[in-house]
Amino acid sequence: HSPLIPVKSADMLLAFEPAEAVRCLPYLKEGGAVIVSSKAVKPVTATLSGSTYEGTEMLEYLKKNVEKLAILDGEEICSQAGSAKVLNVALLGAAAASGVLDISAEEMESAVAGNVKEKFLDMNRKALTLGMTAFEQA
């Protein structure tokens, strides 16, 4: 009983890895934006079958089929921020920088500050800033 976004109605897709972005493309509206981390996460089915998955073909597909596309080096951003657990915040930073969602960087930082425990706040703020910077350079 969860709400589902209708097909072709999403302003933006945020994806932790390339196949996830491709899988969700039917939900993206015409002219919508995609922000995706470049690091592929091998699905369990590929691991069990012994097949390879590098994500390269998915990124190429996205480049050919998405006009507003930002590919971030999520692994590098997380390394700089200090934890792989902040990829979601880095993607939100990129989303704020895009202007597509009409959420300012300040509003996003305020939301992070209001929802993250104090001991993790600096790391998350850094991820947010790195995500914004990565989007601007993409």
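Q: Can you explain the overall build of the chain? Please cite residues and give values.
A: Scanning the chain from terminus to terminus reveals seven helices and three strands. What you see in the chain, going N to C, is helices and strands ordered as β-α-β-α-α-β-α-α-α-α. By the compact-globule yardstick of 14 Å for 138 residues, the chain fits well, its C-alpha radius of gyration being 15 Å. Summarising its shape, the C-alpha atoms of the chain cover approximately 40 × 40 × 35 Å along the three principal directions. By residue count, 38% of the 138 residues in the chain fall in the buried class. Partitioning the contacts of the chain with sequence separation of at least 6, the portion at a separation of at least 24 is 52%.

Q: Tell me about the packing of helix H4 (residues 74-81) against helix H7 (residues 118-137), and name the residues and values.
A: Helix-helix packing is described using two parameters, namely the angle between the two axes and the distance between the axes. Close contact between H4 and H7 brings their axes to 9 Å; oriented N to C, the two are set at 145°. Crossing handedness for the pair H4 and H7: right-handed. Each of Ile77, Gln80 and Ala81 in H4 lies in contact with H7, whose residues at this interface are Met123, Lys126, Ala127, Leu130, Gly131 and Ala134.

Q: Any chance you could break down the nonpolar core for me, citing the residues and the numbers?
A: Within the largest apolar cluster, 25 residues are counted, with the highest numbers of intra-cluster contacts made by Ile35, Leu72, Ile77, Val86, Ala127 and Leu128. Taken together, the elements giving at least two residues each to this core come down to strand E2 (28-37), strand E3 (68-72), H4, helix H5 (87-98), helix H6 (105-115) and H7. When residues no more than four places from it in sequence are discounted, the contact partners of leucine 72 are Ile35, Val36, Ser37, Ser38, Ile77, Ala90, Leu91, Ala94, Ala134 and Phe135. Residues Ala15, Val22, Val36 and Leu59 belong to the second largest nonpolar core, which totals twelve residues.

Q: Can you tell me about the state of the cysteines, naming the residues and giving the values?
A: By the definition in use, this model includes zero disulfides. Cysteine cysteine 24 is unpaired, with the sulfur of cysteine 78 as its nearest cysteine sulfur at 19 Å. Looking at cysteine 24, the relative accessible area reads 28%, which means it is partly exposed.

The rules behind each value
- Residues numbered from 1 in each chain as written.
- Predicted model: local features only at pLDDT ≥ 70, side-chain atom pairs only at ≥ 80, totals over all residues.
- Heavy atoms only, no water.
- Helix = DSSP H or I, 4+ residues; strand = E, 2+ residues; numbered from the N terminus.
- Rg over C-alpha atoms; globule rule 2.2 N^0.38 Å.
- Buried < 20%, exposed > 50% of the residue type's maximum accessible area, 1.4 Å probe, protein only.
- Contact = heavy atoms within 4.5 Å.
- Axes fitted to C-alpha atoms, helices over the stretch in contact; angles between N-to-C directions.
- Left-handed = near helix turned anticlockwise from the far one by under 90°.
- Core = buried A, V, L, I, M, F, W, Y, C linked by side-chain atoms within 4.5 Å.
- Disulfide = S-S within 2.5 Å.

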